[in-house]
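Spelled out, the chains give:
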Amino acid sequence: MKIFLDTANLEEIRQGVALGVVDGVTTNPTLVAKENAPFRQHILDICGIVKNGVVNAEVVSTDFAGIMREAHEVASWHPNIVVKIPMIPDGVRALSALSKEGIRVNITLVFSAPQALLVAKAGAYFVSPFLGRLDDIGENGLVLLRDILEIYRVYNYPTQVLAASLRHPMHILEAAKMGSHIGTMPYKVFEQLFHHPLTDKGLETFLKDWGKAREVLGDIMAPAAAAPKAAR
Ligand code: G3P
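**Student:** Teacher, can you tell me more about the overall build of the protein chain here?
**Tutor:** Summing up its helical and strand segments, the protein chain has twelve helices and eight strands in all. Taken over C-alpha atoms, the radius of gyration comes to 22 Å for the protein chain, far larger than the 17 Å a tight globule of 232 residues would show. Dimensions along the principal axes, computed over C-alpha positions, put the protein chain at roughly 75 × 40 × 40 Å. For the protein chain, with 232 residues in total, the buried portion stands at 42%.

**Student:** Got a minute to help me understand the site of the ligand in this structure?
**Tutor:** Taken together, the neighbourhood of the ligand is formed by Asp6, Asn28, Lys84, Phe130, Arg133, Ala164, Ser165 and Arg167. With respect to the ligand, the side chain of Asn28 contributes an N or O atom lying 3.1 Å from an oxygen atom. At 2.6 Å, a side-chain N or O of Arg133 approaches an oxygen atom of the ligand. In isolation the ligand exposes 310 Å². Once the protein is present, 84% of that is buried. For the shell around the ligand, the residue count by class is two nonpolar, two polar and four charged.

**Student:** Looking at this model, I keep getting lost on the nonpolar core. Mind explaining?
**Tutor:** As a rule of thumb, nonpolar side chains are buried together in soluble globular proteins. With 60 residues, the main nonpolar core has Ile46, Ile85, Ile107, Val119, Leu145 and Ile148 as its most contacted residues. Not counting chain neighbours up to four residues away, the residues in contact with Ile107 comprise Ile85, Pro86, Met87, Gly91, Leu95, Val119, Ala124, Phe126, Val127 and Ser128. Among the nonpolar cores identified, the runner-up in size contains eight residues, and Phe130, Leu162, Ala164 and Ile182 belong to it.

**Student:** Which parts of the structure should I look at to understand unusual backbone geometry?
**Tutor:** Glycine aside, a negative phi is what most residues show, and trans is what most peptide bonds show. A positive phi angle, near 60°, is found at Asn156, a position not held by glycine. Position of Asn156 among the secondary structure elements: in the loop between helix H8 (141-155) and strand S7 (160-163). Residues other than glycine seldom take positive phi values, yet Ser165 does so here, at roughly 55°. Take Ser165: it is sitting in the loop between S7 and helix H9 (169-178).

**Student:** Got a minute to help me understand the pairing of strand S1 (residues 2-6) in this structure?
**Tutor:** Every regular strand shows the same layout, with side chains that alternate between the two sheet faces. By the criterion of burial, S1 is predominantly enclosed, with four of the five residues buried. As defined by bridge partners, S1 adjoins strand S8 (residues 182-185) across four bridges and the pair is classed as parallel. Directly across from Leu5, in S8, lies its bridge partner Met185. Bridge count for S1 against strand S2 (residues 24-26) is three bridges, and the pairing is parallel.

**Student:** Hey, could you run me through the packing of aromatic side chains in this one?
**Tutor:** Two aromatic rings are characterised by how far apart their centres lie and by the angle between their planes. Counted under the stated rule, the structure contains eight aromatic pairs. When the centroid spacing of 5.9 Å and the interplanar angle of 70° are considered together, the rings of Phe4 and Phe126 count as edge-to-face. Of this pair, Phe4 sits in strand S1 while Phe126 sits in strand S6 (residues 126-129), and the two are 122 residues apart along the sequence. You'll find Phe4 and Phe126 in the same group, each marked buried. Ring centres 5.5 Å apart and planes at 75° place the aromatic pair Phe39 and Trp77 in the edge-to-face group. One end of the pair, Phe39, is in helix H3 (residues 39-50); the other, Trp77, is in helix H4 (residues 64-77), with 38 residues separating them in the sequence. Connected via pairs of aromatic rings, a cluster forms that spans Phe4, Tyr125 and Phe126. The ring of Tyr125 carries Arg104 above its face, with NZ or CZ at 5.1 Å from the centroid.

**Student:** Explain a nonpolar patch on the surface to me, please; I cannot follow it from the model alone.
**Tutor:** A surface patch of nonpolar side chains, about 330 Å² in accessible area, is lined by Leu19, Val21, Leu193 and Phe194. Along the polypeptide, Leu19 turns up in the loop between helix H1 (10-18) and S2. Residue Leu19 is classed as partly exposed on the basis of its relative accessible area, which comes to 45%.

Rules behind the numbers
- Residues numbered from 1 in each chain as written.
- Predicted model: local features only at pLDDT ≥ 70, side-chain atom pairs only at ≥ 80, totals over all residues.
- Heavy atoms only, no water.
- Helix = DSSP H or I, 4+ residues; strand = E, 2+ residues; numbered from the N terminus.
- Rg over C-alpha atoms; globule rule 2.2 N^0.38 Å.
- Buried < 20%, exposed > 50% of the residue type's maximum accessible area, 1.4 Å probe, protein only.
- Near = heavy atom within 4 Å.
- Polar contact = N/O pair within 3.5 Å; in protein donor to acceptor, adjacent residues only side chain to side chain.
- Areas by Shrake-Rupley, 256 points an atom, 1.4 Å probe, with all protein chains shown as cover.
- Nonpolar A, V, L, I, M, F, W, Y, C, P; charged D, E, K, R; others polar.
- Core = buried A, V, L, I, M, F, W, Y, C linked by side-chain atoms within 4.5 Å.
- Contact = heavy atoms within 4.5 Å.
- Pairing = 2+ DSSP bridges.
- Phe/Tyr/Trp six-rings, centres within 6.5 Å; stacked < 30°, edge-to-face > 60°.
- Lys NZ or Arg CZ within 6 Å of the ring centre and 35° of its normal.
- Patch = residues over 30% accessible without salt bridge, like charges linked within 9 Å, V, L, I, M, F, W, Y side chains within 5 Å.
- Salt bridge = Lys/Arg side-chain N within 4 Å of Asp/Glu carboxyl O.

Written as structure tokens, this is what we have:
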């Protein structure tokens, strides 16, 4: 499963990318507004950090002509940009037109499987079901994710499922087990994936034991005599 960071914060993106397991970034108007920087330059700065991964940037118009105008503009900024468009009728109409032009579109704010079916038919590159926001209203976001993946498999739709609004590591685990193509998560959740109390406790013991036997073990970095050949 590809891992995207759901943030527009440059420092978080830098730190995540440095770890070598981030495949892309998703932003939305709320996340971008928090950064208080000119939109175009900010998205380009993100592209510069992510380099080989995709960067999702969202339009804010809600009528067909406006969405088309903004989508063309945003897509022209950098080849790695995927245009995010909300799941509204004019958004799907724009998606149909843009996908025929070869512009990659991520349809966002998806909360039902029928919505996901429509956007696959219209040629979406990504579909973004919001799991956490469904959980917030007492539904089960993972059920939606499973339904979408099943429909896409049955009909062989090439649209990639981008599980969004992921709030905790269990969301990531279940999305990965189901075969979601991508999971996008806030930096805080991404960090949680690295940790386990037994890893910390185990490492502490290893280092303590090494310290006790240090004089016998020697220094890993000490210059060695000729190294033995590696076993094949
Ligand atoms: O970026 C879209 C989505 O991931 C938002 O998540 O946590 O605001 O519901 P959240």
